[in-house]
Amino acid sequence: MHPHDQTIFALSSGRPPSAIAIVRLSGVGAGPALQTLTGKLPPPRLATRALLRDDRGDPIDDAVVLWFPGPASATGEDVAELHVHGSRAVITTLVSLLSAMPQMRAADRGEFTRRAFENGKIDLTEAEGLDDLIHADTDRQRRQALRQLKGLLGDKARSWRDQIIQAAALIEAGIDFADEGDVPAELIAPALAWIRQLLAEIEEVLAAQGRAERLRDGLTVVIAGPPNAGKSTLMNQLARREVAIVSPHAGTTRDLIEVALDLDGYPVTVIDTAGIRQTDDPVEQEGVRRARDRAAQADLVLWLTEDDQAELERQTDGPIWFVRNKIDLMITEQSGAISVSPESPVFAISARSGAGMSDLLEALVGFARDYFGSTEHGLITRERQRTLLSETAAALRRSIAVVDLGEELAAEELRIAALALGRLLGRVDVEDLLDVIFREFCIGK
Ligand SMILES: Nc1nc2c(c(=O)[nH]1)N(C=O)[C@@H](CNc1ccc(C(=O)N[C@@H](CCC(=O)O)C(=O)O)cc1)CN2
Ligand SMILES: Nc1nc2c(ncn2[C@@H]2O[C@H](COP(=O)(O)OP(=O)(O)OP(=O)(O)O)[C@@H](O)[C@H]2O)c(=O)[nH]1
Ligand SMILES: [Mg+2]
């Protein structure tokens, strides 16, 4: 990769004011900058206390500094960190001093990670994992991101790619021999068996998916039902704060109101909607339209009613749970889960008093757990990864299908498969394929 001649810096910690702020630098100018600010280069990889001074020698702040000489650093180039007091003034002063240094500029979004990638410290799937980790809101999201950051998918993809290249080399060797009128079927058969096995492995990973991808955005639960049923009250109960307006007036909620919940580590977005009814009010009509729309896309609908005769037009093909609210107004009603039919359970709650809420919450956690169930072993977390892995599998399938028509055709499909995996990793170079062929199979040719 091309060398980076500019040094980048950024405030790597959150917004000031904060207890401590970290200004990070990466590039050839990181060492000189650290030296300019502190008077000398600290020992590598050890937290060192230092007084930072400006260009006139005036103190800026009492700091802790870190020095990671490249290429062993996280970005693959010299890295310096300044841990200062997180005030706007300290940061502004530092930033203006750094900006004035030669070949030094503020980093773009994700540029440290990008450099780590370009310097070969991490592959693209690991970079994606890092991005997910930084955006993780819940524990399950954190675990999934960390697995990817640790290279679980990347290592698999690298291993598949290497094996495909070697299988291709076997087939290529067959072609080479064929030039001399000697077709060694014993080279093709093991290569095919190998490819079939790789295909099975990749298909297994593809099949085990679907929901790991959803773990990034969470699943959506829509609260729907007739006006005044207590949907917004339930919403506020689930959110544990007053996110939606509650009133005795039917038709209070018009907009969709979303709140992100962490249900036992699973990300769940709950959406409160307008009460569904016939109305002449154009604003309410629009609210009802949005409510229907959102319910139709939901992973789960909680259909809330005040009584049991409320007619339900089916809003979704997905699961619906019937929740009877305001049981505090009834004398004989029991609370909690009153039907155990797993497809459409019935709950009885009082959103106002909280009766029956723990059963409902527990069921929601169970729903999320079932929904995301297999993600603990999921490797694919993004559409990009799925697409490239599907392309790989398709090319492997084609290579098996066309091998009887000609080894060249099969080898070409294998090259396409390896290329797709190369893209997955962010490294596409055909040199690898050539290297293996020349090194292992074409002796003396
Ligand atoms: N202060 C601070 N905290 C941090 C980071 C950081 O960069 N700075 N990290 C930001 O990512 C994470 C920790 N990850 C890190 C990953 C690699 C290296 C690093 O420089 N590694 C080199 C040398 C370390 C060694 O030799 O042990 C390496 O991997 O070769 C540092 C932090 C989270 N916490
Ligand atoms: N007694 C009792 N009243 C409730 C309960 N839940 C909600 N209410 C009351 O019912 C009225 C309507 O509640 P909301 O939460 O605004 O109902 P909604 O379904 O959001 O209504 P729209 O937004 O108009 O569709 C309010 O006066 C609430 O205080 C409950 O469990 N028990
Ligand atoms: Mg409402």
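Residues numbered from 1 in each chain as written. Chains lettered and ligands numbered in written order. Predicted model: local features only at pLDDT ≥ 70, side-chain atom pairs only at ≥ 80, totals over all residues. Heavy atoms only, no water.

The cut-off we apply is this: UniProt positions are given in the numbering used here, feature names are shortened, and annotations may be inferred rather than shown by experiment.
The chain is annotated in an unreviewed UniProt entry as tRNA modification GTPase MnmE from Bradyrhizobium denitrificans. The UniProt entry for the chain carries the following text under Sequence similarities (unreviewed entry): "Belongs to the TRAFAC class TrmE-Era-EngA-EngB-Septin-like GTPase superfamily. TrmE GTPase family." UniProt lists a comment for the chain under the heading Subcellular location (unreviewed entry), and it reads "Cytoplasm".

**A closer look at the coordination of the magnesium ion (ligand 3)**
Think of it this way: four donors in a tetrahedron around the metal ideally sit 109.5 degrees apart, and six in an octahedron ideally sit 90 or 180 degrees apart. Definition in use: Listed donors are limited to N, O and S atoms within 2.8 Å of the metal, widened to 3.2 Å for Na, K and Ca; water is not among them, so incomplete-looking sites are possible. Counting from the N terminus, the helices are DSSP H or I runs at least four residues long and the strands are E runs at least two residues long. Three labels apply to residues, based on accessible area from a 1.4 Å probe with only protein chains included: buried if under 20% of the type maximum, exposed if over 50%, partly exposed otherwise in between.
Here the magnesium ion (ligand 3) is held by Ser232 (OG) and Thr253 (OG1), and the distances to it run 2.0 Å. Here Ser232 is found in helix H9 (residues 231-239), whereas its partner Thr253 is found in the loop between H9 and strand S8 (257-263), with 21 residues between them in sequence. The class for Thr253 is buried, based on a relative accessible area of 10%.

**With respect to the side chain of Thr48**
The condition that has to hold: In the analysis that follows, any N or O atom pair within 3.5 Å is treated as a polar contact, provided that within protein one partner can donate a hydrogen and the other can accept it, and provided that, for residues neighboring in sequence, both atoms belong to side chains. Residue contacts follow a heavy-atom distance rule, with two residues in contact if any of their heavy atoms lie within 4.5 Å.
Positionally, Thr48 belongs in strand S3 (residues 48-53). Within the local environment of Thr48, its side chain forms a polar contact with the backbone oxygen of Leu46, the two atoms lying 3.0 Å apart. Dropping the residues within four chain positions of it, Thr48 is found in contact with Pro42, Pro43, Ala63, Val64 and Val65.

**Some thoughts on the site of ligand 1**
Stated formally: Here a residue is near a molecule or strand as soon as one of its heavy atoms is found within 4 Å of it. Only the protein chains shown count as cover for residues, and all accessible areas are computed by the Shrake-Rupley method using a 1.4 Å probe. Amino acids are sorted into nonpolar (Ala, Val, Leu, Ile, Met, Phe, Trp, Tyr, Cys and Pro), charged (Asp, Glu, Lys and Arg) and polar (every other residue, Gly among them).
Around ligand 1 sit Arg24, Arg45, Phe68, Ala72, Ser73, Ala74, Glu81, His83 and Lys121, and that is every residue in its neighbourhood. Here an oxygen atom of ligand 1 sits 3.2 Å away from a polar atom, N or O, in the main chain of Ala74. Burial of ligand 1 by the surrounding chains reaches 45%, relative to a free accessible area of 650 Å². Counted by class, the shell around ligand 1 contains three nonpolar, two polar and four charged residues.

**Section: the layout of surface pockets**
Heads up, the rule is: Using a 1 Å grid laid over the protein atoms alone, points where a 1.4 Å probe fits but cannot get out form a cavity; open sets with protein on both sides within 12 Å along at least 5 of 7 lines form a pocket; any residue with an atom within 4 Å of a point counts as lining. Grid points are joined across faces, edges and corners, and a volume is the space filled by probe spheres set on the points.
In this structure, the largest pocket encloses a volume near 840 Å³. Around the largest pocket sit 26 residues that line it, and Arg109, Gly110, Glu111, Thr113 and Ile134 are the ones nearest its centre. Elements with a contribution of two residues or more to the lining of the largest pocket: strand S1 (7-11), helix H3 (111-118) and helix H4 (124-135). With seven residues, H4 is the single largest residue contributor to the lining of the largest pocket.

**Let's talk about the side chain of Glu81**
The line we're drawing: Positive charges come from Lys and Arg, negative ones from Asp and Glu, while His and the chain ends are left out of the count. Should a side-chain nitrogen of Lys or Arg be within 4 Å of a carboxyl oxygen of Asp or Glu, the pair is scored as a salt bridge.
By the element assignment, Glu81 lies in strand S5 (residues 79-86). Here Glu81 occupies a buried position and makes no salt bridge, while the nearest side chain of opposite charge, Arg24, is found at 4.8 Å. Side-chain polar atoms of Glu81 contact the side chain of His83, separated by 2.7 Å. If sequence neighbours within four positions are ignored, Glu81 has contacts with Ile22, Val23, Arg24, Val64, Val65, Leu66 and Phe68.

**A closer look at the site of ligand 2**
Where we set the bar: Criterion for pocket placement: a molecule counts as inside a cavity or pocket if more than half of its atoms are within 2 Å of its grid points.
The immediate surroundings of ligand 2 are formed by 23 residues, with Lys231, Thr233, Gly251, Thr252 and Asp328 found nearest. The separation between an oxygen atom of ligand 2 and a polar main-chain atom of Gly275 is 3.2 Å. With the chains in place, 94% of the 650 Å² that ligand 2 exposes on its own is no longer accessible. A molecule is said to occupy a pocket when more than half its atoms come within 2 Å of that pocket's grid points, and by this definition ligand 2 occupies the second largest pocket. Residues belonging to the shell around ligand 2 are distributed by class as follows: seven nonpolar, 12 polar and four charged.

**A look at the packing of aromatic side chains**
Here is the rule: To pair, rings of Phe, Tyr and Trp, with the six-membered ring standing in for Trp, must have centres within 6.5 Å; the planes then decide the type, stacked if under 30 degrees apart, edge-to-face if over 60, and tilted in the middle. In this scheme, Lys NZ or Arg CZ marks a charge over a ring once it lies within 6 Å of the ring centre and within 35 degrees of the ring normal.
For the structure on display, the rule yields five aromatic pairs. A centroid spacing of 5.0 Å and a plane angle of 80° characterise the contact between Tyr371 and Phe372, whose relative ring orientation is edge-to-face. For the pair shown, Tyr371 and Phe372 are each scored as buried. An aromatic cluster is present here, built from Tyr266, Trp321, Phe347, Phe367, Tyr371 and Phe372 joined pairwise through their rings. Here the guanidinium or amino end of Arg24 rests over the ring plane of Phe112, the centre of that ring lying 4.5 Å away.

**Observations regarding the confidence of the model for the chain**
Convention followed: What pLDDT conveys is the predictor's confidence in a given residue, as a value from 0 to 100.
With 88% of its residues at a pLDDT of 70 or more, the chain shows a mean pLDDT of 88. Ignoring residues within four places in sequence, the model shows residues 436-445, a span with pLDDT below 50, making 14 contacts including any to other chains. Across the interface, the model reports ipTM at 0.83; the global pTM reads 0.83.

**Structural notes on the nonpolar core**
Under the convention used in this document: Only buried Ala, Val, Leu, Ile, Met, Phe, Trp, Tyr and Cys residues count toward a nonpolar core, and they belong to the same one when joined by side-chain atoms within 4.5 Å.
Formed by 39 residues in total, the largest nonpolar core has its most connected members in Ile164, Ile171, Leu389 and Leu396. Those residues in contact with Ile164 that sit more than four places away from it in its chain are Leu198, Thr392, Leu396, Leu414, Ala417, Ala418 and Leu421. Core analysis: the next-biggest nonpolar cluster, separate from the first, contains 32 residues, Ala229, Met235, Met357 and Phe372 among them.

**A word on unusual backbone geometry**
Omega for the bond connecting Pro16 with Pro17 falls within 30 degrees of zero, at 0°, which places this linkage in the cis form. For the peptide bond that leads from Gly70 to Pro71, omega is 0°, which places it in the cis range. Along the chain, Pro71 turns up in the loop between strand S4 (59-68) and S5. One non-glycine residue, Arg45, adopts positive backbone phi at about 60°. Looking at the element boundaries, Arg45 is found in the loop between helix H1 (30-38) and S3. Of note in the backbone geometry, Lys326 takes a positive phi value of approximately 65° without being a glycine. Mapped onto the secondary structure, Lys326 falls in the loop between strand S11 (320-324) and strand S12 (336-339).

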